[in-house]
Structure formats: structure tokens, C-alpha cells
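# Descriptive analysis of the structure
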Amino acid sequence: MTSSPSGASPASKPQDFSLSSLQQFIADSAGKQSPRSTSGTPERSEPQTLALQVAHNLRFQHEWTDIRMHFRPSDRTTASSLPRPMLSGMPPRRLYVHPDEQIEVLKKQREQGKAGWPDLASEREWVLPTQLKETWTLRRFAEVFDALAVVPAEGEGGAVFSNGTSKADVPAHGSDGDGAEGEMSKWRKTQPKRLLLATVDDDSTVVYYIIHDGIVKPRQN
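Rules and cut-offs
- Residues numbered from 1 in each chain as written.
- Predicted model: local features only at pLDDT ≥ 70, side-chain atom pairs only at ≥ 80, totals over all residues.
- Heavy atoms only, no water.
- Helix = DSSP H or I, 4+ residues; strand = E, 2+ residues; numbered from the N terminus.
- Contact = heavy atoms within 4.5 Å.
- Areas by Shrake-Rupley, 256 points an atom, 1.4 Å probe, with all protein chains shown as cover.
- Salt bridge = Lys/Arg side-chain N within 4 Å of Asp/Glu carboxyl O.
- Buried < 20%, exposed > 50% of the residue type's maximum accessible area, 1.4 Å probe, protein only.
- Expected span 1.5 Å × (residues − 1).
- Arc of directions from axis to C-beta.
- Core = buried A, V, L, I, M, F, W, Y, C linked by side-chain atoms within 4.5 Å.

Across its full length, the protein chain holds 5 helices and 7 strands. Across the protein chain, helices and strands are ordered from the amino to the carboxyl terminus as α-α-β-β-α-β-α-β-β-α-β-β. Long-range pairs, those at least 24 residues apart, make up 68% of the contacts in the protein chain between residues at least 6 apart in sequence. Of the roughly 13,000 Å² that the protein chain leaves accessible, carbon and sulfur atoms contribute 50%.

Right, dumping it as C-alpha cells:
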């Protein structure tokens, strides 16, 4: 009788070292979380695979944390469905500062006798995974924004990465939990909704753009 190495599980699935870390991550996610077809093999939609690819990029290339996947519209909207799986997460630093908030922050710095720009608290951001070959119109963007709250409510979505660790509770077509909206700055509440448009090229390069649901004041340098 042979024993397993210390800390190893006899039933654990061996890692396929021929796969890249991204491919392994998507394969592991499909095996754990996707529904089964009639043949017993995992099924995962192309938009969901695209969302996982973007989530992997956000975590390991841009150091985002608490990345979650959303399959249903926010509870505080009247939309009946979400056009495609969305992501939300916490970037390591603030991505967007409204010009009026910028003026207020600098004024407060001067009043306190401080110089330079302070470190502002990071804010949870929506992320829309797309492919470069897709054609997007104002109508399609409007459908996405109509299904989103200003920020995700606490508990909505299934965790993909939490504190940098891959999670196994992303449902293939799961339901989003209910939750009260957390603390949100007055600037975030009163300004148009925003999201990060993640555009994936054929070579897996991901480029990000900030998109607003409406007209906003130009940023000041």
C-alpha cells in the first residue's frame, strides 16, 4: 500500500503543465463551476470565458482584488436581464476623480498645509469584458448601463478572486445575492454611472477605457 505525499489529496486533479496559467485557470473554473451537458462535460459560454480572461488579467497584471462576476442586473434597476456577464472589483488605487472632487481635494490639502496629491480610497468599479472584433453602439452601451446600479451592492455576484486567491463559487449562470449598498462618496452618487471597458485583442492583450453613461465635465491636468 502506497501513501500520498504529505499535504496532497489522492483525489486531487493533476495540473496540466502544458497549459498557461490563464488556460489552467479557465479550465479549472469550468470544471468546478459550469453546468454539465448531456454528455457530462462542463459547459461554459464564450462571454463567460471572456470575462474569466479579463478577471485573470485584472488580478495578475493590474493587482485588482475582490473580483466578482455578475450574471443578473442589479436589484436597484428595472432591467430584466444583463446583456452579458459583467465583472466588478477593487483596483489598487482610485481610477477616476471627478474634476469638482479634484478641486475640493486640493483645497483641503492647502487648508491643512499639505502639498501634493493624497492617496484617495479605491472605489469598486464595474468592468465590461469585450473583444476587439465586436461592434458596439450607443444602444448596446445603454442596455448595459440600464442593468447596472451606480456600484454593485454588497454581496452581489460570485467571487472569482478574493485577496488574490481564485475562488470556486462563481456559478455558471448563478444568481446575485442581495445586499445593502456600501459607503459611497457624494461624487459617485451624483455623477453618471461609469464602467471600465475591457477590450481583448486576438493576442490576449487587454486595453481598458473609462466609459460614462452620459456627459461629464472634462478632467483637469
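Continuing now.
Let us now look at the pattern of salt bridges. Evaluated as defined, the whole model comprises 11 salt bridges. R68 serves as the salt-bridge partner of D66, at 4.0 Å between the closest nitrogen and oxygen. Using a relative accessible area of 18% as the deciding quantity, one classes R68 as buried. The closest approach of N and O atoms between R188 and E123, which form a salt bridge, is 3.4 Å. On the criterion of sequence distance, the pair formed by R188 in helix α5 (residues 186-190) and E123 in the loop between α3 (99-111) and β3 (125-131) is long-range, its members being 65 residues apart. Each member of the pair, R188 together with E123, is buried. Residues joined by salt bridges that share partners form a network here, namely R94, E101, E123, E125, R188 and R194.

So, about the environment of E156. Note on placement: E156 falls in the loop between α4 (138-146) and β4 (158-162). Residue classification places E156 among the buried residues on the basis of a relative accessible area of 1%. Linking E156 and S74, residues 82 residues apart in sequence, is a C-alpha distance of 7.9 Å.

What follows concerns α3. Between its first and last C-alpha, α3 extends 19 Å over 13 residues, near the 18 Å set by a 1.5 Å rise per residue. If you check which residues of α3 are buried, you get P99, E101, Q102, V105 and Q109. In a view along the axis of α3, the buried residues occupy a sector of 155 degrees, so they form one face of it. What points out from α3, more than 90 degrees from its buried face, is the exposed set R110 and E111. Buried residues along α3 sit against α5. Just past α3, the residue G113 takes up positive phi, approximately 70 degrees.

As a further point, take the nonpolar core. In this structure, V54, L58, I67, M69, L87, V127 and V160 are the most contacted members of the largest nonpolar core, which totals 21 residues. Contributing elements (two or more residues each) for this core: α1 (21-33), α2 (46-62), β1 (65-70), β4 and β6 (194-200). The leading source of residues in this core is α2, at 6 residues. Not counting the four nearest positions on each side in its chain, L87 is found in contact with A51, V54, A55, L58, I67, R68, M69, H70, E125, W126, V127 and P129. Listed in part, the 12 residues of the second largest apolar core include W126, W136, F145 and A147.

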